Amino acid sequence: MYGKLTAICGPMFAGKTTELLKRILWARNGEGKEVLVLKTAFDNRYSDTELVSHDGLSAGAKAISRFSDVTGLAHEAQMVCLDEVQFFAGMDIDVVVFVSDLLHNGRDVVVAGLDTNWKGEPFPATAMLMAMADEVIKLTAHCSVCGQPAFKSFKKVQDDEEIRLGHSDIYEARCNRHWVRLTDAG
Ligand SMILES: [Zn+2]
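Being a predicted model, the structure only gives us computed values, none of them experimental. (Residues numbered from 1 in each chain as written. Predicted model: local features only at pLDDT ≥ 70, side-chain atom pairs only at ≥ 80, totals over all residues. Heavy atoms only, no water.)

Draft legend 1. The arrangement of the coordination of the zinc ion in detail. Taken together, the protein ligands of the zinc ion are C143 (SG), C146 (SG), C175 (SG) and H178 (ND1), with distances of 2.1 to 2.4 Å. Angles of 99 to 115° at the metal separate the four donor atoms of the zinc ion, which places the site in the tetrahedral class. Classification of C146 as partly exposed rests on a relative accessible area of 35%. (Donors = N, O, S within 2.8 Å, 3.2 Å for Na, K, Ca; no water. Tetrahedral: all angles 85-135°; square planar, octahedral: opposite > 155°, others 65-115°. Buried < 20%, exposed > 50% of the residue type's maximum accessible area, 1.4 Å probe, protein only.)

Written out as structure tokens, the structure reads:
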């Protein structure tokens, strides 16, 4: 049996981790499934052993820096979840290869992450997994200027780093009208 791939994506502040946590908690507690939750050791903003959402949901998780450390665990699980999937690029095993292997072995996979960076450019890992997904859930945030649905992450700090860990100190969500590439704004 081939597993199902679900991709949850959108800008920052769209509730992606909350949506992922709802699915994890339902699978674990409602359906009694064995669920492996992965995050990158790089993203240690909140916790190393838990996945935590801004609204207080949490679930046990493993922070990893190499996929090869959890290949066995992943194959024992019925469902494998990856949060902030864009950060899994550049690991020892390509994230698309890791996910494909699980799907071929009948594991369901749910990934959540940013679809684009603050420049509006797709994150390759998220883009590939969205294309492969059986179900894509695109979430929106609220524009910090006008409150309308926001599709983009806006970086308030002027630098050219593509990935910079941070939260509302550095980023906010913007609708297309109020999202401006800082490089274009000059
Ligand atoms: Zn707006």
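Draft legend 2. Representation of the packing of helix 3 (residues 95-104) against helix 4 (residues 124-132) in the model. Where helix 3 contacts helix 4, the axes come no closer than 10 Å and their chain directions differ by 25°. Looking at the two axes, helix 3 sits roughly parallel to helix 4. For the pair helix 3 and helix 4, the crossing hand works out as right-handed. Contacts between helix 3 and helix 4 involve V95, V96, V99, S100 and L103 on the former and, on the latter, A125, M128, L129 and M132. (Axes fitted to C-alpha atoms, helices over the stretch in contact; angles between N-to-C directions. Helix = DSSP H or I, 4+ residues; strand = E, 2+ residues; numbered from the N terminus. Parallel < 35°, antiparallel > 145°, perpendicular 65-115°, else oblique. Left-handed = near helix turned anticlockwise from the far one by under 90°. Contact = heavy atoms within 4.5 Å.)

Draft legend 3. Highlighting the nonpolar core. The biggest cluster of nonpolar side chains holds 27 residues, and the ones touching the most others in it are L38, L82, F88 and V95. Counting residues per element, the ones that place at least two in this core are strand 1 (5-10), strand 2 (35-40), strand 6 (79-82), helix 3, strand 7 (108-114) and helix 4. Residues in contact with L82, not counting those within four places in the same chain, are L20, L38, F67, F88, V95, V109, V110, V111 and A112. One finds I8, A14, L20 and I24 within the second-largest nonpolar core, a separate group that totals 22 residues. (Core = buried A, V, L, I, M, F, W, Y, C linked by side-chain atoms within 4.5 Å.)

Draft legend 4. Fine view of the packing of aromatic side chains. Going through the model one piece at a time under the given rule, you end up with two aromatic pairs. Consider the rings of F67 and F88, whose centres lie 5.5 Å apart with planes at 15°: the pair is stacked. Remark: F88 occurs in the loop between strand 6 and helix 3 and F67 occurs in the loop between strand 5 (62-64) and helix 2 (71-76); sequence separation between them is 21 residues. Looking at F88, the relative accessible area reads 0%, which means it is buried. With a centroid separation of 4.1 Å and an interplanar angle of 20°, the aromatic rings of F67 and F98 are classed as stacked. With F67 in the loop between strand 5 and helix 2 and F98 in helix 3, this pair connects stretches of sequence that are 31 residues apart. With respect to burial, F67 and F98 carry one shared label: buried. In this structure, K152 packs its charged tip against the face of W179, placed 5.2 Å from the ring centre. (Phe/Tyr/Trp six-rings, centres within 6.5 Å; stacked < 30°, edge-to-face > 60°. Lys NZ or Arg CZ within 6 Å of the ring centre and 35° of its normal.)

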